[in-house]
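Here is what each chain is made of, one letter per residue.
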Amino acid sequence: MRATATCLAAVTLAGLAAALVLLPRRTPLWCGVCASTLLTAAVPAFSGWLLLIPAGLAGAAFCFLTLRRVIRRDRVSR
């Protein structure tokens, strides 16, 4: 249960960070996202070693996408 909560909090935190970058600064919506980001960041902060699970999943996804890109590039060049 804690591992699932950590993964969900990590994904939510990534989305909130993207919203902070995309939204216009100092608007009420941006301030709400900023407050939500701070509150959501508390969950991973207390998760400890369980943060390795979402980090490992992100690393695996990155490796998969990189490998797929290399394979596609190799197929196109033939």
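Residues numbered from 1 in each chain as written. Predicted model: local features only at pLDDT ≥ 70, side-chain atom pairs only at ≥ 80, totals over all residues. Heavy atoms only, no water.

Asks: Got a minute to help me understand helix α1 (residues 2-22) in this structure?
Replies: Because the α-helix completes a turn every 3.6 residues, residues three or four places apart line up on one side. The terminal C-alpha atoms of α1 lie 30 Å apart, and with 21 residues this matches the ideal 30 Å at 1.5 Å per residue to within 8%. Looking at α1, one finds that the buried residues are T6, A9, L16 and L20. Along the long axis of α1, the arc covered by the buried residues comes to 90°, so they all point the same way. Turned more than 90 degrees off the buried face of α1, the exposed positions are L8, V11, V21 and L22. In this structure, the buried residues of α1 make contact with α2 (28-45) and α3 (52-77). (Helix = DSSP H or I, 4+ residues; strand = E, 2+ residues; numbered from the N terminus. Expected span 1.5 Å × (residues − 1). Buried < 20%, exposed > 50% of the residue type's maximum accessible area, 1.4 Å probe, protein only. Arc of directions from axis to C-beta. Contact = heavy atoms within 4.5 Å.)

Asks: Help me understand the state of the cysteines, please; the structure alone is not making it clear to me.
Replies: What makes a disulfide is a covalent bond joining the sulfur atoms belonging to two cysteines. The full count for this structure, using the stated rule, is zero disulfides. The closest cysteine sulfur to the non-disulfide-bonded C34 is located on C31, 6.9 Å from its own sulfur. C7 supplies the cysteine sulfur nearest to C63, a cysteine that is in no disulfide, at a spacing of 17 Å. (Disulfide = S-S within 2.5 Å.)

Asks: Which parts of the structure should I look at to understand the packing of α1 against α3?
Replies: When two helices pack together, their arrangement is given by the angle between the helix axes and by the axis-to-axis distance. For the pair α1 and α3, interaxial distance at closest approach is 8 Å and the crossing angle is 55°. Here α1 lies oblique to α3, going by the angle between them. Where α1 crosses over α3, the handedness of that crossing is right-handed. When α1 is examined against α3, the residues A3, T6, C7 and A10 are found in contact with a partner set consisting of I53, P54 and L57. Along the lines of polarity and charge, the residues of the contact of α1 with α3 split into six nonpolar, one polar and no charged. (Axes fitted to C-alpha atoms, helices over the stretch in contact; angles between N-to-C directions. Parallel < 35°, antiparallel > 145°, perpendicular 65-115°, else oblique. Left-handed = near helix turned anticlockwise from the far one by under 90°. Nonpolar A, V, L, I, M, F, W, Y, C, P; charged D, E, K, R; others polar.)

Asks: Could you clarify how one ought to interpret the confidence of the model for the protein in this entry?
Replies: Close inspection of predicted coordinates is inappropriate for parts of the model with low pLDDT. Predicted confidence across the protein gives a mean pLDDT of 91, with 99% of residues reaching 70 or more. Looking at the elements of the protein, mean pLDDT is at its lowest for α3, recorded as 91, and at its highest for α2, recorded as 93. (pLDDT = per-residue confidence, 0-100.)

Asks: Just to check I follow, could you spell out α2 for this structure?
Replies: Over its 18 residues, α2 runs 26 Å from end to end, which matches the ideal 26 Å to within 8%, given 1.5 Å per residue. Along α2, the positions that sit buried rather than exposed are W30, V33, T37, T40 and P44. Along the long axis of α2, the arc covered by the buried residues comes to 90°, so they all point the same way. With respect to the buried face of α2, the exposed residues turned more than 90 degrees away are P28, L38, L39 and A45. On its buried face, α2 sits against α1.

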